[in-house]
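Residue-level structural notes
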Amino acid sequence: MSLLRSAPDMTGGAALAPADVIRSGLCIGCGACVAQCAGETVEMRLDVYGQMKPAGSRAWLNRRTMPLAASCPFSPDAENEDVIADSHFPDACGRDPLIGRYEAAYVGHAEEDAFRACGSSGGLVTWVAAELLRRGLVDGVAHVAPSPRRKAEEPLFAYTISRSVEALRQGAKSRYYPVELSGVLRTIRSVPGRYAVIGIPCFIKAVRLAAAQDPVLAERITFTLGLFCGHMKSGRMAESFAWQMGAGMEEVTTLDYRVKSPDRPANWYRAQMSLSDGTTRVEDWWHMVDGDWGAGFFQNHACNFCDDVVAETADISFGDAWVEPYSSDGRGTNVVIVRSRKLHEIVSDGIASGRIVLEPVDAGFVAATQAAGFRHRREGLAFRLTWRRAGLMPRKRVQASSTGLSARRKMIYRMRYGIARWSHRVFLAARLLRRPGLYLAWAKVALSTYHGLAYARGPVGRLVERLGLTGAEDGH
């Protein structure tokens, strides 16, 4: 596979500044750069679009350093996922071009206690993290949990470190919200102990890159647990959901993105908000104007240049089993990729004792559960890399190419890109003007157009079908 190098006028082939990454739209907001700072007033903040970005002096933002070039997960000079996985899992018995190196793969759920009932999927992420704590293999687990809010602009969720199973359970469930790692990385550096870190692919990559430069992190971060990822959403998606449920963000106290119900298919997402007056609001995602995940509303721009769906650098990775019969099981089911020999032992012990129920599967099954994500991040990424762009040129593991793509597929990828880009801007305008209807009307039109193009629905779909354009999202 070819490697696309960074533009020499931006990095000089080595050093990189935070401003270079931000201006190029490649900042995912992980906070790895801020965690490196010592004695400087630098922090991570939500920007006007509701995305995490580093904030500091102009001098810091424009300072080019080798450490940032080596540790930013979207740096064109950082090691890619294949190199990182090769160094951490050299003896892994399996290797696949989509899911990377692996020791074993499974589908199933946690049977013990209420891990499955209290999680978004099969409960296995929390079960494995809890098992690490119970066995004394780690002293703390860094994970995302609800964050106390005093003001509407304060985040709903943030990384924390749990040192007990009870505290860990408070962070169960999916959080489609921007978070950052700088605080927990600083804690890990300052407080001796052994830690596990749970995160999406780019965050786990950031942890691996940071640990490669910092022997303290390398010694103390003993396990990484990855989460399959479609893309990262901004905080404005939560605010949009609130608007559509008739509430303002200043009223929202808690948000559950995926309320679980055994009598509903797992992929029928339902969001629930608790408000400061003690009431709750519930709405199905498909009734939201921006509730179609694949359309790309509020997507972080950096996600357009990610090629890792399954957290290939993590010791173990978890996702939803989005194939039948599992996707119709409202109790939730995980697909699991194990790369670490030690974690494979723990998983095997759990299976033998009946505390977890898992069936072995092959790499093809895992890839099928995330088919749309792989299509967007491999085929779609190859197409996006052919587009002219300013700033840093990302270095990816796929060849820039549009060969074999139909006109309709290209239009779908461009439509998603446009929705992701303009949803931030239109929402900001509606927010500043205090006219939610401005954004909601735009989003409704954007979604119906996308559905017509991708799924042949509505007037746009009928037109697309009459034109005989092939390459719909569902494959026909």
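Note that the coordinates shown come from a computational prediction; the quantities given were computed from them, not determined experimentally.

This next bit is on the pairing of strand 6 (residues 140-146). Most of strand 6 sits inside the fold, with six of its seven residues counted as buried. As defined by bridge partners, strand 6 adjoins strand 8 (residues 195-199) across three bridges and the pair is classed as parallel. Paired with A142 across the bridge in strand 8 is V197. Pairing between strand 6 and strand 7 (residues 157-162): six bridges, direction antiparallel. Its bridge partner being in strand 7, V141 is matched across the sheet by S162.

Across the sheet, eight strands lie side by side as 7-6-8-9-13-14-5-15; this open sheet has mixed pairing. Edge positions in the open sheet fall to strand 7 and strand 15 (356-360), since each of these has one partner strand only. Direction aside, the axes of adjacent strands within the sheet are offset by 25° on average. Direction of pairing for strand 13 (residues 316-320) relative to strand 14 (residues 334-338): antiparallel, over a ladder of five bridges. Paired with I316 across the bridge in strand 14 is V338. Most of the contacts of helix 10 (residues 182-190) go to strand 7, to which it runs at about 20°, and overall it touches strand 6, strand 7, strand 8 and strand 9 (221-227). Lying on the sheet, helix 11 (residues 201-213) is in contact with strand 7, strand 8 and strand 9; it crosses strand 9 at an angle near 160°.

This part takes up the nonpolar core. Within the largest apolar cluster, 90 residues are counted, with the highest numbers of intra-cluster contacts made by I28, F203, Y257, F297 and Y439. Per element, the largest residue contribution to this core is seven residues, and it comes from helix 18 (residues 436-455). When neighbours within four sequence positions are excluded, F297 is seen to be in contact with H231, K233, V289, D290, D292, I419, S423, Y439, W442, A443, A446 and L447. Residues A110, L124, V338 and L358 belong to the second largest nonpolar core, which totals 29 residues.

What follows is about the side chain of R339. As for its position among the elements, R339 is in the loop between strand 14 and helix 14 (341-353). An unpaired buried charge is present at R339: no salt bridge exists, and D308, the closest side chain of opposite charge, is 6.2 Å distant. A distance of 3.0 Å separates the side chain of R339 from the backbone oxygen of A314, its partner in a polar contact. Of the polar contacts made by the side chain of R339, one reaches the side chain of S317; its length is 2.7 Å. Discounting chain neighbours no more than four positions away, the residues touching R339 are F89, I99, R101, Y102, E103, V310, A311, E312, A314, D315, I316 and S317.

Looking at the protein as a whole, the pLDDT averages 93, with 96% of positions reaching at least 70. Here residues 1-12 scores under 50 on pLDDT; set against residues more than four positions off or in separate chains, the count is 34 contacts.

Inspection of every chain in the model, using the stated rule, returns 37 salt bridges. We note a salt bridge from D349 to R135, for which the minimum N-O separation is 3.2 Å. With D349 in helix 14 and R135 in the loop between helix 8 (124-134) and strand 6, this pair connects stretches of sequence that are 214 residues apart. The salt bridge partner of R431 is E239, with a shortest N-O separation of 2.9 Å. Taken as a pair, R431 in helix 17 (residues 407-433) and E239 in helix 13 (residues 236-244) lie far apart in primary sequence, 192 residues in all. Residue classification places E239 among the buried residues on the basis of a relative accessible area of 8%. A single network of salt bridges, built from pairs that share partners, joins E81, D82, K205, D307, E312, R378 and R397.

With that out of the way, let us pick up helix 14. With 13 residues, helix 14 extends 18 Å between its outermost C-alpha atoms, agreeing within 8% with the 18 Å of an ideal straight helix rising 1.5 Å per residue. By the burial criterion, the buried members of helix 14 are L343, H344, I346, V347 and G350. When helix 14 is viewed along its axis, its buried side chains cluster within an angular range of 160° and face the same direction. Buried residues belonging to helix 14 abut strand 5 (104-110), helix 8, strand 9, strand 13, strand 14 and strand 15. Between a side-chain oxygen at the N-terminus of helix 14 and the backbone nitrogen of K342 the separation is 3.3 Å; the capping residue is S340. With its phi angle positive at about 80°, G354 sits one or two positions after the end of helix 14.

Cut-off values and rules
Residues numbered from 1 in each chain as written. Predicted model: local features only at pLDDT ≥ 70, side-chain atom pairs only at ≥ 80, totals over all residues. Heavy atoms only, no water. Buried < 20%, exposed > 50% of the residue type's maximum accessible area, 1.4 Å probe, protein only. Helix = DSSP H or I, 4+ residues; strand = E, 2+ residues; numbered from the N terminus. Pairing = 2+ DSSP bridges. Axes fitted to C-alpha atoms, helices over the stretch in contact; angles between N-to-C directions. Contact = heavy atoms within 4.5 Å. Core = buried A, V, L, I, M, F, W, Y, C linked by side-chain atoms within 4.5 Å. Lys, Arg positive; Asp, Glu negative; His and termini not counted. Salt bridge = Lys/Arg side-chain N within 4 Å of Asp/Glu carboxyl O. Polar contact = N/O pair within 3.5 Å; in protein donor to acceptor, adjacent residues only side chain to side chain. pLDDT = per-residue confidence, 0-100. Expected span 1.5 Å × (residues − 1). Arc of directions from axis to C-beta.

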